[in-house]
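# Summary of structural features
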Amino acid sequence: MTRHKAVFRGGSGEIVEKKSRFIAHVQSAESVDEAQEFIEETKKRYWDARHNCSAFSIGTEHPLTRCSDDGEPGGTAGKPILEVILGSGISNVVIVVTRYFGGTLLGTGGLVRAYTEAAKAGIAHAVIIEKIPGVRMVLEMEYTDLGKIQYILAQNHIVTEETEYTDRVTVHVIFPDDDKDKLGSLLTEGTGGRVRMREDGMVYYGKVEDDVIIFDGK
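What this report covers is the structure whose coordinates are included nearby. As a convention, each chain's residues are numbered from 1 in the sequence order in which they are written. Confidence filtering applies because this is a predicted model: local features only for residues at pLDDT of at least 70, side-chain atom pairs given and counted only at 80 or more, and all residues used for totals across whole chains, interfaces and linings. Only hydrogens and water are set aside when side-chain values are computed; all heavy atoms of the structure are taken into account.

Orientation is described by axes fitted as lines to C-alpha atoms, over the contacting stretch for helices, and by angles from 0 to 180 degrees between their N-to-C directions. Helix and strand assignments come from DSSP, with helices taken as H or I runs of at least 4 residues and strands as E runs of at least 2, each series counted from the N terminus. The interhelical angle for the contact between helix H2 (residues 78-88) and helix H3 (residues 107-124), taken along N-to-C directions, is 40°, at an axis separation of 8 Å. Relative to H3, H2 is oriented oblique. Taken as a pair, H2 and H3 cross one another with a handedness that is right-handed. Contacts between H2 and H3 involve Pro 80, Ile 81, Val 84 and Ser 88 from the former and Val 112, Tyr 115, Thr 116, Ala 119, Lys 120 and Ile 123 from the latter. These descriptions rest on fixed angle ranges, namely under 35 degrees for roughly parallel, over 145 for roughly antiparallel, 65 to 115 for roughly perpendicular, and the rest for oblique. Each crossing gets its handedness from the near helix: less than a right angle anticlockwise from the far helix is left-handed, clockwise is right-handed. Here, two residues are considered to be in contact whenever any of their heavy atoms come within 4.5 Å of each other.

How far a helix is expected to stretch is found by multiplying one less than its residue total by 1.5 Å. For H3, which comprises 18 residues, the first-to-last C-alpha distance of 26 Å matches the rise-based estimate of 26 Å (1.5 Å per residue) to within 8%. Only protein chains enter the accessibility calculation, which uses a 1.4 Å probe; a residue is then buried when its area is under 20% of its type maximum, exposed when over 50%, and partly exposed in between. Burial in H3 covers these residues: Gly 110, Leu 111, Ala 114, Tyr 115, Thr 116, Ala 118, Ala 119, Ala 121, Gly 122 and Ile 123. Lining the buried residues of H3 we find strand S2 (11-17), strand S3 (20-28), strand S4 (51-58), H2, strand S6 (93-100) and strand S7 (127-141).

Turning next to the nonpolar core. Considering soluble globular proteins, one finds that nonpolar side chains tend to be buried as a cluster. The nonpolar core is taken to be a set of buried Ala, Val, Leu, Ile, Met, Phe, Trp, Tyr and Cys residues, with the residues joined through side-chain atoms within 4.5 Å. Counting residues in each nonpolar core, the largest one holds 25 residues, and the members touching the most others are Phe 22, Val 26, Ile 81, Val 93, Ile 95, Val 97 and Tyr 115. Secondary-structure elements contributing two or more residues to this core are S3, S4, H2, S6 and H3. Of the residues forming this core, the biggest block, 7 residues, is contributed by H3. With near-sequence residues (within four places) excluded, Val 26 lies in contact with Val 7, Gly 10, Gly 11, Val 93, Val 94, Ile 95, Gly 122, Ile 123 and Ala 126. By size, the runner-up hydrophobic cluster in this structure holds 16 residues, among which are Val 135, Met 141, Leu 146 and Ile 149.

Now for the pairing of S6. The buried count for S6 comes to 8 of 8 residues, which makes it a mostly enclosed element. Burial along S6 is two-sided: the face carrying Val 93, Ile 95, Val 97 and Arg 99 and the face carrying Val 94, Val 96, Thr 98 and Tyr 100 are both buried. Note: two strands are recorded as paired if DSSP finds a minimum of 2 bridges between them. Where S3 lies against S6, 8 bridges are found, and the strand directions are antiparallel. Pairing of Ala 24 across the sheet is with Val 97, part of S6. By the bridge criterion, 7 bridges tie S4 to S6 in an arrangement that is antiparallel. Looking at the pairing, Ser 57 lines up with Val 93 of S6.

Honestly, it's all geometry; don't read function into it.
Here you go:
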């Protein structure tokens, strides 16, 4: 699991270049099949357009990428869209740029610029989230240690999912995977070794505005 950007909510953006409309549609895709399905759906929806050019990137560490010019001159549409995707750092994403021809030829350079700017506009209108690898942790403690633990968690901006109050207190939290050992040491030292900690699985999590979103390992 690696930290990466992803599409939380898809979106569309549009530019106009010499009366040609370029409409970019951005969507998340966890597999090649999902990406291809979105491309086909977009082509059917915009069946009357001159071109529906596309690109996608699937995976995080060694992504699988493909692109299509869909009838535009080679290298003027799909490749620029793909370069925008790779430059954005977003993983598991597909972009289709629909072109309605306005009657004026744009030339190779003009097409590259138009498809590039359209893809950027599409991303700007989508909601992008940074997915952080995390470890679900279960913390068990005496009531007398709760205040100290809550202080340490707050100081380190730790996500708390749930707190259970019985004869002891059990707090369910998410540690950033990179800081797991450091946070464990802080809690152990802060309670004199009284807190009990156990791992409860890996997740991805991130923030959209002020809301914490948990992805359960996907």
